[in-house]
Amino acid sequence: MCIFLLKLHNNNCKIYVIMKKKLTRSSIDEIRKEMLILNSTEERKVIGGGNRVQISGGYLEEKDGGTYFYGNNGGSVFFSGISISTSLVADNAAYQMSGTIHVSESWANNGFSVYDFAHEYGHYLQQVDMGTYKYITDVAIPSVYSASQDPANHSSKPYEQQATNLGNQYLENNWRP
């Protein structure tokens, strides 16, 4: 039996591989001594959940199996199936992976809007449609590369335009005044 363990400590990640023929109570207790358990606040920061994030024009709040945007003008929209996190993201950046939209606090506090969130939701819809492997190889990796190597032309890439169109269409069809 091979067990893979992931340990997060002070923003460092360590992976342990334990080879055992049989797990015993004492070996499980030893593993527990080494493993840190995330409290609910830390868990939400890493994988999303229950967060309320102020953005330009309103705020995002995760509940009911998705994320609501509540606009300062009284309008709202529900983005089904998606959570939000402000961790594991570079400054002034956002990305979507496996149902969580990660947005940096720096961007959330300085211009990130519901349209930017809708664009990331468009990436979520791409992943649902394409499947995770194809999404990673055909969208996520090229997108990260283009954003870092050619930021001036990033939004003109076909997969970025498609995400914007999908997100804007969803926003238009689901907006509640």
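Residues numbered from 1 in each chain as written. Predicted model: local features only at pLDDT ≥ 70, side-chain atom pairs only at ≥ 80, totals over all residues. Heavy atoms only, no water.

Trainee: So what exactly am I meant to see when it comes to the confidence of the model for the protein here?
Mentor: If pLDDT is low for a region, its predicted coordinates should not be looked at in detail. The share of residues in the protein with pLDDT of 70 or more is 73%, and the mean pLDDT across the chain is 84. In the model, residues 1-20 has pLDDT below 50 throughout and makes 35 contacts with residues more than four positions away in sequence or in other chains. (pLDDT = per-residue confidence, 0-100. Contact = heavy atoms within 4.5 Å.)

Trainee: Just to check I follow, could you spell out the packing of aromatic side chains for this structure?
Mentor: What characterises a pair of aromatic rings is the spacing of the ring centres plus the angle enclosed by the ring planes. The tally for this structure, following the rule as stated, stands at 10 aromatic pairs. Taking 5.4 Å as the distance between ring centres and 15 degrees as the angle between the ring planes, the aromatic pair formed by Y68 and Y70 counts as stacked. Here the aromatic rings of F79 and Y121 are separated by 5.1 Å at their centres, their planes lie at 65 degrees, and the arrangement is edge-to-face. Separated by 42 residues along the polypeptide, F79 in strand β6 (residues 76-80) and Y121 in helix α4 (residues 114-130) bring together distant segments of the chain. Both residues of the pair, F79 and Y121, count as buried. An aromatic cluster is defined as three or more aromatic residues linked by ring pairs; in this entry it consists of F79, F117, Y121, Y124 and Y170. Above the plane of the ring of Y68 lies K63, whose end atom (NZ or CZ) is 5.5 Å from the centre. (Phe/Tyr/Trp six-rings, centres within 6.5 Å; stacked < 30°, edge-to-face > 60°. Helix = DSSP H or I, 4+ residues; strand = E, 2+ residues; numbered from the N terminus. Buried < 20%, exposed > 50% of the residue type's maximum accessible area, 1.4 Å probe, protein only. Lys NZ or Arg CZ within 6 Å of the ring centre and 35° of its normal.)

Trainee: How should the pattern of salt bridges be read in this particular structure?
Mentor: Two side chains of opposite charge can pair, provided their charged atoms sit close to one another. A complete count under the given rule lists two salt bridges for this structure. Notably, a salt bridge pairs E61 with K63, separated by 4.0 Å at the nearest N-O pair. With its nearest N and O atoms 2.6 Å apart, the salt bridge here joins D138 to K134. Taken as a pair, D138 and K134 lie in helix α5 (residues 132-149) at a separation of four residues, close to a single helical turn. The class of D138 is partly exposed, set by a relative accessible area of 32%. Here K134 falls in the partly exposed class, since its relative accessible area comes to 43%. (Salt bridge = Lys/Arg side-chain N within 4 Å of Asp/Glu carboxyl O.)

Trainee: Explain the nonpolar core to me, please; I cannot follow it from the model alone.
Mentor: Soluble globular proteins tend to bury their nonpolar side chains together. F79 and F117 are the most contacted members of the largest nonpolar core, which totals 20 residues. Taken together, the elements giving at least two residues each to this core come down to β3 (52-55), β6, β9 (100-103), α4 and α6 (158-174). Of all the elements, α4 adds the most residues to this core, at five residues. Among residues more than four places away in sequence, those in contact with F117 are L60, T67, F79, I82, I84, I101 and F112. (Core = buried A, V, L, I, M, F, W, Y, C linked by side-chain atoms within 4.5 Å.)

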